[in-house]
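Read off the chains here:
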Amino acid sequence: MPVITLTIDEALVSARVGQTVLEACRDEGISIPTLCHLDGISARGGCRLCLVEVAGSNRLLPACTTLAAEGMQVSTRSDRIDRYRRMILELSFAERNHQCAVCVSNQNCELQALAAELGMEQVRYDYLDPDLSMDLSHERFGIDHNRCVLCLRCVRVCDEVEGAHTWDVKARGIESQVITDLNQPWGESLSCTSCGKCVDACPTGALFTRGATVAEMHKDAGFLRRILDGREKRQWRR
C-alpha cells in the first residue's frame, strides 16, 4: 500500500494512503481524545473532541474524518485546541443531566475520564436540565436519556456490526434522542436481538445492564475489535 509522509507535532511520520489523521496519530502512539469514535465502526466526526490544527486551514479539523495527506502539517496540542476541547466537554455536561455520583458508570465513564484528562474544572454554561425519561422496558438492559451524549455509537454498531438497525435518532438539535424502532419502548422492539453490543459501545452510563447500581457498570470497549478480527479470520466458522 502506498505510503505518505506528513508532519505531526513537528515530527516526520509515515502513514498509509487512505488513513485518517487520527489513525496516523495512533499508529505513532500520539493520543487524541475521542468520544463518538469507536474502532470498528464508521467515523462520524460528531463529538469534535479530536479537533487538530492543520497548516493552511483556518478551521480546526476533526482528526477522525480528515484524511492524512502527503506533506500535511498537523498539530494535535495547543492552547487553542485544549480550550476548544474543554468547551466541548462543558457543553456536553450542560446539555443533559450528568450526575456522576449516582451513575452506574461512575469511575468507568469515558466522558468523566476525558473531563479529568483535559483539566475540566467547572462548567461555565447554564445547565439545560431537560426533563428526560428512562426506558426500562427491556428485560436485560435500560437506557437513561439523561446520560446520553448522542455519540451514536449505539446506532452505528447496531446497524453496521449486528445488522439489526434497531437504534435510530429522532428530532434535531437539543431535542435529539436515540430511539428504538419507530420510537417504541425498547422492550417492544421487534428488531432488537438483545446482543448487548450497544451497551458495551456506549461511552457513558446511558445504556446499562439492568440491576447494575452506582459505579458497577464496567464496559469493554475492545469487544468490537475482537468480534471484527474473529469474523475476518473466520474463527467462528462452523
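Predicted model, so just to flag it, every value in this text is computed and none were measured.

## Topic: the overall build of the chain
Stage number 1. Per the secondary structure count, the chain includes 6 helices and 10 strands.
Stage number 2. Scaling as 2.2 N^0.38, a compact globule of 238 residues should have a C-alpha radius of gyration of about 18 Å, and the chain matches this with 19 Å.
Stage number 3. The dimensions of the chain, computed from C-alpha atoms along their principal axes, are 55 × 55 × 30 Å.
Stage number 4. Counting only residues that meet the buried cut, the chain has 48% of its 238 residues in that class.
Stage number 5. A separation threshold of at least 6 residues defines the contact pool for the chain, and within that pool the share at least 24 residues apart is 61%.

## Quick word on the environment of Val-21
Stage number 1. By the secondary structure assignment, Val-21 is in helix 1 (residues 21-27).
Stage number 2. Sequence-wise, Val-21 and Ala-63 are 42 residues apart; in three dimensions their C-alpha atoms are separated by 4.9 Å.
Stage number 3. Residue contacts for Val-21: discarding those within four places in its chain leaves Val-52, Ala-63, Thr-66, Leu-67, Ala-68, Met-72 and Val-74.

## Details of the domain arrangement of the chain
Interfaces are often described in size by the accessible area the parts lose on coming together.
Stage number 1. Domain parsing of the chain yields domain 1 (3-77) and domain 2 (83-233).
Stage number 2. The gap between the C-alpha centroids of domain 1 and domain 2 is 25 Å.
Stage number 3. With 23 residues of domain 1 in contact, the opposing surface of domain 2 contributes 24 residues.
Stage number 4. Regarding the contact of domain 1 and domain 2, the summed buried area is about 1800 Å², with carbon and sulfur atoms giving 61% of it.
Stage number 5. Among the residues domain 1 hides against domain 2, the three largest losses belong to Leu-35, Leu-38 and Leu-49. Together they make up 34% of the total.
Stage number 6. If you look at where domain 1 meets domain 2, you find 1 salt bridge.
Stage number 7. For Asp-39, the salt bridge identified is with Arg-225, shortest N-O distance 3.4 Å.
Stage number 8. Counting across the domain 1 and domain 2 interface gives 11 residue pairs in polar contact (both at pLDDT 80 or more).
Stage number 9. Of the residues belonging to the side of domain 1 that touches domain 2, the class tally is 13 nonpolar, 6 polar and 4 charged.

## Side note on the nonpolar core
Stage number 1. By size, the foremost hydrophobic cluster in this structure holds 21 residues, and its most contacted members are Cys-154, Trp-167, Val-178, Trp-186, Cys-198, Val-199 and Leu-207.
Stage number 2. Secondary structure elements with two or more residues in this core: strand 7 (141-144), helix 4 (153-162), helix 5 (197-201) and strand 10 (207-209).
Stage number 3. The element contributing the most residues to this core is helix 4, with 3 residues.
Stage number 4. If we skip the residues at most four places from it in the chain, Leu-207 touches Gly-142, Ile-143, Cys-154, Trp-167, Trp-186, Cys-198, Val-199, Cys-202 and Lys-219.

## Observations regarding the sheet that holds strand 7
Stage number 1. Pairing within the open sheet is antiparallel, and its 3 strands lie in the order 6-7-10. Where the open sheet ends on each side, the last strands, each with one partner, are strand 6 (134-135) and strand 10.
Stage number 2. Sheet topology note: the strand 7/strand 10 ladder contains 3 bridges and is antiparallel. Pairing of Phe-141 across the sheet is with Thr-209, part of strand 10.

## A short note on the packing of helix 2 (residues 79-95) against helix 3 (residues 110-117)
Stage number 1. At a closest axis distance of 10 Å, the pairing of helix 2 and helix 3 adopts a crossing angle of 140°. Classified by the angle between their axes, helix 2 and helix 3 sit oblique to one another. Regarding helix 2 and helix 3, the two cross each other, and that crossing is left-handed. Across the interface between the two elements, Leu-89, Ser-92 and Phe-93 of helix 2 pack against Leu-111, Leu-114 and Ala-115 of helix 3.

Cut-offs applied
- Residues numbered from 1 in each chain as written.
- Predicted model: local features only at pLDDT ≥ 70, side-chain atom pairs only at ≥ 80, totals over all residues.
- Heavy atoms only, no water.
- Helix = DSSP H or I, 4+ residues; strand = E, 2+ residues; numbered from the N terminus.
- Rg over C-alpha atoms; globule rule 2.2 N^0.38 Å.
- Buried < 20%, exposed > 50% of the residue type's maximum accessible area, 1.4 Å probe, protein only.
- Contact = heavy atoms within 4.5 Å.
- Domains from an automatic or database assignment.
- Buried area = accessible area lost by both parts, 1.4 Å probe.
- Salt bridge = Lys/Arg side-chain N within 4 Å of Asp/Glu carboxyl O.
- Polar contact = N/O pair within 3.5 Å; in protein donor to acceptor, adjacent residues only side chain to side chain.
- Nonpolar A, V, L, I, M, F, W, Y, C, P; charged D, E, K, R; others polar.
- Core = buried A, V, L, I, M, F, W, Y, C linked by side-chain atoms within 4.5 Å.
- Pairing = 2+ DSSP bridges.
- Axes fitted to C-alpha atoms, helices over the stretch in contact; angles between N-to-C directions.
- Parallel < 35°, antiparallel > 145°, perpendicular 65-115°, else oblique.
- Left-handed = near helix turned anticlockwise from the far one by under 90°.

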